[in-house]
Structure formats: structure tokens, C-alpha cells
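Chain and residue survey
If you want the building blocks of each chain, they are given just below.
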Amino acid sequence: MSNHLYDALVAGPAAPDAPCLILPGDAPVTYAQIRDRAARIAALLTVSGLQPGDRVAAQVEKSPEALALYLGTIRAGGVFLPLNPAYTAAEVAYFVGDAEPVAIVCDPAREAETRTASAAAKVFTLDAAGAGTLTDDAGAMAADEPAAARRPDDLAAILYTSGTTGRSKGAMLSHDNLLSNARTLTDAWEITGADVLFHALPVFHTHGLFVACNTLMLAGGAMIWRPRFDPSEAVSLLPRATMMMGVPTFYTRLLDRRDFTRDVAADVRVFISGSAPLLPETHRLFEERTGQRILERYGMTETNMTTSNPLHGERRPGSVGPALPGVEVRIMGEAAPPDAGAVELPEKNRETELAPGEIGMIEVRGPNVFQGYWRMPEQTAAELRPDGWFITGDLGTKGTDGYVSIVGRAKDLVISGGLNVYPREVEMLVDDLPGVLESAVIGVPHPDFGEAVVAVVVPRPGATLDPGALAGAMADRIARFKQPRRIVVADELPRNAMGKVQKAALRETHRAMFA
Ligand code: MLC
Ligand code: AMP
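Here is a short report on the structure shown in this document. (Residues numbered from 1 in each chain as written. Chains lettered and ligands numbered in written order. Predicted model: local features only at pLDDT ≥ 70, side-chain atom pairs only at ≥ 80, totals over all residues. Heavy atoms only, no water.)

Here's the deal with the pairing of strand β5 (residues 103–106)
Of the two faces of β5, the one holding Ala103 and Val105 and the one holding Ile104 and Cys106 are both buried throughout. Of the strand pairs in this sheet, strand β3 (residues 55–59) and β5 are connected by 4 bridges, and their pairing is parallel. When the bridges of β5 are listed, valine 56 appears paired with alanine 103. Two elements, β5 and strand β6 (residues 122–125), share 4 bridges in a ladder whose sense is parallel. Bridge assignment links isoleucine 104 to a residue of β6, and that residue is valine 123. One crossover worth recording links β5 to the parallel β6 by way of helix α5 (residues 111–117), and it is right-handed. (Buried < 20%, exposed > 50% of the residue type's maximum accessible area, 1.4 Å probe, protein only. Helix = DSSP H or I, 4+ residues; strand = E, 2+ residues; numbered from the N terminus. Pairing = 2+ DSSP bridges. Right-handed = clockwise from strand over helix to strand, strands pointing away.)

What about the nonpolar core?
Ranked by internal contacts, the top residues of the largest apolar core, which has 114 residues, are Leu67, Tyr70, Phe198, Met217, Met223, Leu238 and Met245. In terms of residue count, the dominant contributor to this core is helix α8 (residues 206–219) (9 residues). Viewed by domain, this core spans two of them, domain 1 (4–17 + 30–179) and domain 2 (327–411), each represented by three or more residues. Setting aside chain neighbours within four positions, we find phenylalanine 198 in contact with Ile224, Arg226, Phe229, Ala234, Leu237, Leu238, Ala241, Met243, Met244 and Met245. Listed in part, the 35 residues of the second largest apolar core include Val79, Val92, Val457 and Ala479. (Core = buried A, V, L, I, M, F, W, Y, C linked by side-chain atoms within 4.5 Å. Domains from an automatic or database assignment. Contact = heavy atoms within 4.5 Å.)

Concerning the site of ligand 1
Close to ligand 1 lie 20 residues, the nearest being Arg253, Ser275, Arg297, Ser416 and Arg480. Glycine 417 places a polar main-chain atom, nitrogen or oxygen, 3.0 Å from a nitrogen atom of ligand 1. Listed by contribution, the elements that provide at least two residues to the shell around ligand 1 are α10 (248–255) and β13 (295–300). At 3 residues, α10 tops the list of elements feeding residues into the shell around ligand 1. Taken together, the residues that form the shell around ligand 1 break down as 8 nonpolar, 8 polar and 4 charged. (Near = heavy atom within 4 Å. Polar contact = N/O pair within 3.5 Å; in protein donor to acceptor, adjacent residues only side chain to side chain. Nonpolar A, V, L, I, M, F, W, Y, C, P; charged D, E, K, R; others polar.)

Here's the deal with the sheet that holds strand β11 (residues 243–246)
Two strands in a sheet stick together by hydrogen bonds in their backbones, pointing the same way (parallel) or opposite ways (antiparallel). Taking strand neighbours across the sheet as the criterion, the 8 strands line up as β2-β1-β10-β9-β11-β12-β13-β14 in an open arrangement whose pairing is mixed. The open sheet has two free edges, formed respectively by β2 (29–30) and β14 (304–308), since each of these has just one partner strand. Bridging between strand β1 (residues 19–22) and strand β10 (residues 222–225) involves 2 bridges; their strand directions are parallel. Note on β10: the bridge partner recorded for isoleucine 22 is isoleucine 224.

Topic: the sheet that holds strand β18 (residues 404–409)
Across the sheet, 4 strands lie side by side as β15-β16-β17-β18; this open sheet has antiparallel pairing. Lying at the two open borders of the sheet, with one neighbouring strand each, are β15 (328–332) and β18. Neighbouring strand axes in the sheet, compared pairwise and without regard to direction, differ in orientation by 50° on average. In this structure, strand β16 (residues 360–365) lies alongside strand β17 (residues 390–398), joined through 4 bridges in antiparallel fashion. Each residue of the ladder has a partner; that of glycine 360, found in β17, is glycine 396. (Axes fitted to C-alpha atoms, helices over the stretch in contact; angles between N-to-C directions.)

Here we look at the state of the cysteines
Scanning the entire structure with this criterion turns up 0 disulfides. As a non-bridged cysteine, cysteine 20 has cysteine 213 as the owner of its nearest cysteine sulfur, 7.8 Å distant. Cysteine 213 sits in the buried class, given a relative accessible area of 0%. (Disulfide = S-S within 2.5 Å.)

Describing the site of ligand 2
Every one of the 16 residues lining ligand 2 counts as a neighbour, but Arg297, Thr301, Asp394, Lys411 and Asn420 are closest to it. At a separation of 2.7 Å, an oxygen atom of ligand 2 approaches a polar backbone atom of threonine 301. When ligand 2 is considered free in solution it has 500 Å² of accessible area, and contact with the protein chains removes 93% of it. Of all elements in the fold, only β13 and β18 reach the threshold of two or more residues within the shell around ligand 2. Ranked by residue count, the leading element in the shell around ligand 2 is β13, at 5 residues. The residue inventory of the shell around ligand 2, partitioned by class, reads 7 nonpolar, 4 polar and 5 charged. (Areas by Shrake-Rupley, 256 points an atom, 1.4 Å probe, with all protein chains shown as cover.)

See below:
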């Protein structure tokens, strides 16, 4: 009996004593050690009642144990549900209520509220240093129970992505969704056991967890494991790395430092960017500084990675490259204007595949595409066609050479520092605040985050709104990264003839707010 994903991840070519995680100033965590910890965590989850297919939620800081928890969950046959530690108690209560995990691992400081969120789940703690009841209890378990049998189409993870309605949707990813994509990327980027990845991404999203960890573990490479991205630390550690993966903010923050030089980058064989658009200007400045061209790729939680600029060949600024091997990409709909925001595509014409160079909806099909949204058949049917094509909500073009460029989004979404913020979710909160008649939340160009969240708020007749008080009222309701960086009070919102708020016009008005 085999466990499709786990067996592949631990059967990598790395010797048992080869480093998996490099912890500067500390001893590395070897492959044998990470597997041993994963096996003990798996045993603990199993004795705690986990049956194959049950969910395990993890709202923990990044540590070696957090990686072991992911591996241990997969090994036990569970479905891993990672949550951003920045989520508030109210946000966590929704995820836990929806996914009904049998176990939740949280920071010790949040144990009480986590227990309140779910009476049924077993709660373990894990702090940023890797200490807590998870580590203690797992340490008492044996490491020799075999991995639970799991087939390619069994679920391995559920990752929540916010919905346009404001209700988060759990994207269900199977063992083979993750493994097939990890194999494809490992091949495309020629990752080997000799690689050392500078890993400063969070491990609660596709990018840091699957794109980074799964590929490096498959290849038997090592990861310099940092809790967060600190550009000064990056400058001192990059000379020890052969690869870096980051969101565009990582690259602009590096470029802001004078001591980020050609020499610092000299031994890094590939810098990879994704999760948000990399400005051609950043691409150009990076090449000027280091002599290296950033490799930009494109993906989503629901699809894993779908396109990538080539390792060998032209890495084109402003393009996310051609479809990865085994993945199909097509452009559907009617030509739409290249607006960097929400664009309405006429429903009737989304059934037509467009010619090279025309702008339309990007659709993706392949073994990488998810299984649907957890307990949301209608949402699944609306976005995942019966023949396997997933409607991404991104607008783009595909050239005759297959290179895809993303020109905007049909979905109303802001990407701030690589983190997604759904305006609807923030608007629903703002609209409920005292004195607010209505609001529109938009993304505005921002030099550090790429886009920043801005709320334009209209007071009720006779009411006076204080942006500071509004911000204060939001503080413990939604995660900090979703809260508006600026709140603008306006007399009214621009609307079209149908009464719909014209977000493109609002974005235009506030375009230079952070310039
Ligand atoms: C932190 N803050 C953010 C923020 N991150 N605000 C807006 N957008 C963000 N992304 C808040 C902090 O809480 C803090 O609040 C303030 O902003 C300033 O924080 P900071 O010190 O500048 O933040 P920092 O910790 O340095 O984090 C910024 C970051 C981080 C860009 C390094 O957000 C990050 O690692 N982002 C990567 C996200 C990611 O992995 N995305 C992949 C998704 S997967 P205050 O109150 O102190 O002002 C995906 C699919 C794919 O998209 O294709 O990959
Ligand atoms: P997420 O839901 O967090 O997985 O975010 C996925 C979204 O990030 C995609 O639908 C795109 O809008 C965006 N994205 C990811 N990579 C890129 C990229 N290289 N360029 C532009 N947008 C990207």
C-alpha cells in the first residue's frame, strides 16, 4: 500500500544525513530528522482519532516543526489545512466551522480561542520555536507505523481562498495535483540535490509550501529556512544559496538595498518570482544590478503552477511564459480592454477560444487543477467546467509562441505583497460600521506591496466619518493585511448607467495616492 505524495516526498535522492532545512546559527535539520518528526506526528494524529480524509488545521508560525506537521498529516492520510497566523479569531472560526478538522494546531497564546472555535477538534500547540504540546506528545510516539495508504486522487490539502461573495472557499487539492506539479516544476527548473533554496516565504500558501518545499524535497535539495523575509538577512544569506523564490515585493525590497550587489547574487542560479505581477521595470532593474533575469511564473491555489518562463531560453519581462509541460492554457471570451482591474466579460462570449494576441479569460486544464471547492458544488460548477477547464478569473493573452501575459483580472481581487484580499469581504465589514452608507474597496498601485488596499467610504446623511475610528473598528475583525492602508471619505461612489460602482474609475482617481 502506498501513500502517493508522502512516499514521493520522502523517497527523494537525499542521503538521510543530508540537510533538509538549514537554520543559520543552528544545526541543520537532516532529511532523516524531518522524516522521523513527521512519522511521530503522524502517529500522534492517528491515536488522536484521525481517519484518512480527516482535516488537520495548522495556524502556526514557520518552524521546522511546521514542515514536519504538513508531512506528518499527509503521512497519516489526513488533509492539511494551513491558516495564516495573521487571521483573527473570527476568521479562524469560519474556516474551522466549514472544514471541521479533527485536530487543530495553534500558537499557545491562541489556545483558548481555538478551543472555543471548535469543541470537537483535538487542539495541540506549537510556538515559533517549535515547542508546544504537539512536539511533546509526538516525541513520546513511535516512528515506525507505516504511512496510511492514499491514492493519487485522494485529498492532501485544502487551502482557503476568499470568494467574490465574501465567503472563503476551500480549494481541495489531491495528492496527484500536488505531486504532478512538483515533478513538473522540478524538471522545468532543473532542481537537484545540489540546490540550496533561500526560503523566506510563509508556509501557509501554495507558493512557500508546495512550489518551494515539495520541489526541493523531491529533488533532495536543502532550504535555508527563515521565518520571514528580511532583506538585510537575505543579502547575507544569498551567497550560500543557489535558488530563491519570492513574491515581487521581495525583489523590490532587495533592490532598495545598496548592499544587494552582483556579487551577492553571483552563486544563485535562478531567481523565481510569482503570486503577483512582476513589473517589467523591476525585471530590468534586477538585471542591471545582478546581470540575472528573474524567472517569472504564474499559478493559483486552485491550479498550482500553470506557466513558467523557461530556465533556458527567453525570460520575457511582462510575460509569465508558456504553459508548463502537461498543462493546457487557453484564452476564452471576447476581447476585453486591458484594464488592470475588474472587467466584465460578457457571459455569452466566454465559450469562444480567442486567437493569439487577443485578450480574454485565462482557462487552465491539467493534472495540476484542483478537485473543486469544499462543500460548494455551485461555486465549483461555476468555475470548473465538466471537461476539466478551470476558469481562472485572470485576463490575459497568449502569443503565437505560446507566451502568456496577464493583463488584468475579471475577479474583483487585490493582491498586496502577494497576499490576496477580496474587496467584497472588506466592504461587508466597512458597510456595517456606524455612520457608513456604503463603501468600495479597491487596489491602488503601491511601491512596496505592488497594490495596496484602499477603502472609499460614503457616510450616511448627516453622519461624519473619522477614518482613524473606522480603521480602529476593523482592527480585530479581519487580518491586518486585509485592512485598508488608507480610508477616503467621499460624498458618493461613481456608478454606471446600471447603477454598478465603477471601480476602474475609482482606481484611476486614486492611482497616484502612494506614488
Ligand atoms: C504584512 N502586512 C501586510 C502584508 N504583509 N500588509 C499588506 N500586505 C501584505 N502582504 C502588514 C503587517 O501586518 C504590518 O502591519 C505592516 O503590513 C507592515 O509589515 P511589514 O513588516 O512590511 O511586513 P512583512 O512582515 O515584511 O511582510 C510583507 C511580505 C509578506 C511581503 C514580506 O506579506 C510576505 O511574505 N508575503 C508573501 C505572501 C505569499 O507567500 N503569497 C503567496 C500566495 S500563493 P502594521 O500594523 O505593523 O502596519 C499564490 C499562488 C502563486 O499566490 O502563484 O504563488
Ligand atoms: P492565490 O489565490 O493566492 O493562489 O492567487 C492567485 C492569483 O495570483 C492568480 O489568479 C493571479 O491573479 C495572481 N498571480 C499569480 N502569479 C502571478 C504572476 N506571475 N503575475 C500576475 N499575477 C499572478
